[in-house]
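Fold and geometry: a report
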Amino acid sequence: MKKLLVAFAAVAAFSAHAAETLTVAATPVPHAEILEFVKPALAKEGVDLKVKVFTDYVQPNVQVAEKRLDANFFQHQPYLDEFNKAKGTQLVSVAGVHVEPLGAYSNKYKQLSELPNGATVVVPNDATNGGRALLLLDKAGVIKLKDSNNILATVKDISENTKGLKFRELEAATIPRVLTQVDLALINTNYALEAKLDPAKDALVIEGKDSPYVNILVARADDKDSDAMKKLVAALHSPEVKKFIEEKYKGAIVPAF
């Protein structure tokens, strides 16, 4: 019996040692919710997934680059490319998971054509999401850009603004808070959902499902092929996660796998 207990203790100690911890930064909705959903499946694979929630788009990348975190899940490739260029980091995409169509919202108007002359429009202040917002307005005929394919367009690239719209740039996470104070707000779907908006019903115009802005799992190059990371990717690309996204977000979030 004593030998059996010793053997059992040894196996337990080995299993505890073998379990690998993976700490991933994520914004609350839907990223953290999706990661929490796959936690049980990863635990069965010997991976202890810890989700650290952030409400901004900067620190998740900074902390992964500084090796304080293993990975993050909140951004798309154009944003990552711009961040790497601006900050001198070398973070890489590990896998694409879903698309969050960006939309235009208003508490005052039911359609874009109702926007009055001189209306105030708020767009994200980061280069990629700001350009993304302007491209959506260009496509909807609200403004015209010099180049309708420039994903890094800024308000300086507007060539036609017949209604004299006044553009303000704010951090993406704060935009839902000013929705009642402005005429139109361009909001990322994760922040729209946190603000209890329904993108499928409330957005006056929204990106199509063919949006190129796929949200990705991001890590350092030296860690992207670790066993734990591969197991996380497999879990995120599972049929169960696809069903979870489709049923929980009802079209506001679209699986990209």
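In what follows, the accompanying structure is described. Just so we're clear, the structure is a prediction, and the values are computed from it rather than from any experiment. (Residues numbered from 1 in each chain as written. Predicted model: local features only at pLDDT ≥ 70, side-chain atom pairs only at ≥ 80, totals over all residues. Heavy atoms only, no water.)

Turning next to the pairing of strand β3 (residues 71–76). Counted residue by residue, β3 has six buried out of six residues, so it is predominantly covered. Alignment of strand β1 (residues 20–26) against β3, held across three bridges, turns out to be parallel. Counterpart to Ala26 in the pairing with β3 is Phe73. Bridging between β3 and strand β12 (residues 214–220) involves five bridges; their strand directions are antiparallel. Residue pairing across strands places His76 opposite Asn215, the latter belonging to β12. (Buried < 20%, exposed > 50% of the residue type's maximum accessible area, 1.4 Å probe, protein only. Helix = DSSP H or I, 4+ residues; strand = E, 2+ residues; numbered from the N terminus. Pairing = 2+ DSSP bridges.)

Before going further, it helps to examine helix α2 (residues 28–44). Its 17 residues give α2 an end-to-end C-alpha distance of 24 Å, which sits within 8% of 24 Å, the value for a rise of 1.5 Å per residue. The largest bend along α2 reaches roughly 40° and is located at Val38, with the proline Pro40 sitting one to four residues downstream. Along α2, the residues classified as buried are Val29, Pro30, His31, Ala32, Ile34, Leu35, Val38 and Leu42. With its phi angle positive at about 85°, Gly46 sits one or two positions after the end of α2. (Expected span 1.5 Å × (residues − 1). Bend = angle between axes of the 7 residues up to and from the residue.)

This part is about the sheet that holds β1. Read from one edge to the other, the open sheet built from six strands follows the order β2-β1-β3-β12-β4-β13, with strand pairing classed as mixed. The outermost strands of the open sheet, each flanked by one partner alone, are β2 (47–53) and β13 (254–255). Relative to β3, helix α4 (residues 77–87) is tilted by about 110°, and along the sheet it contacts β3, β4 (91–99) and β12. (Contact = heavy atoms within 4.5 Å. Axes fitted to C-alpha atoms, helices over the stretch in contact; angles between N-to-C directions.)

So, on to the environment of Ala252. Topologically, Ala252 is positioned in the loop between α9 (239–249) and β13. For Ala252, a relative accessible area of 4% translates into the label buried. Distance from Ala252 to Lys144, taken between C-alpha atoms, is 27 Å for residues 108 residues apart in sequence.

Next up on the list: unusual backbone geometry. For the bond from Val29 to Pro30, the omega torsion is 0°, close enough to zero to count as cis. Here Pro30 shows up in helix α2. The backbone of Lys196 shows a phi angle near 65°, a positive value even though the residue is not glycine. Relative to the helices and strands, Lys196 is located in the loop between α6 (189–194) and α7 (199–202).

Structurally, Leu35 can be placed in helix α2. We classify Leu35 as buried; its relative accessible area is 0%. Separated by 201 residues in the primary sequence, Leu35 and Leu236 place their C-alpha atoms 7.9 Å from one another.

Another point: the side chain of Asn61. With respect to the helices and strands, Asn61 occurs in helix α3 (residues 59–65). Of the polar contacts made by the side chain of Asn61, one reaches the side chain of Gln75; its length is 2.8 Å. With sequence-adjacent residues up to four places away left out, Asn61 is seen in contact with Asn72, Phe74, Gln75, Tyr79, Leu80, Phe83, Leu91 and Val218. (Polar contact = N/O pair within 3.5 Å; in protein donor to acceptor, adjacent residues only side chain to side chain.)

Right, let's get into the nonpolar core. Considering soluble globular proteins, one finds that nonpolar side chains tend to be buried as a cluster. Judged by nonpolar contacts, the single largest core of 31 residues is most densely connected at Val24, Leu35, Leu49, Leu217, Leu232 and Tyr249. Elements that contribute at least two residues to this core include exactly β1, α2, β2, β3, β4, β12, α8 (227–236) and α9. The contacts of Leu35, once residues within four sequence positions are left out, are Val24, Ala26, Leu49, Val51, Phe73, Leu232 and Leu236. Residues Tyr109, Leu115, Ala119 and Ile158 belong to the second largest nonpolar core, which totals 24 residues. (Core = buried A, V, L, I, M, F, W, Y, C linked by side-chain atoms within 4.5 Å.)

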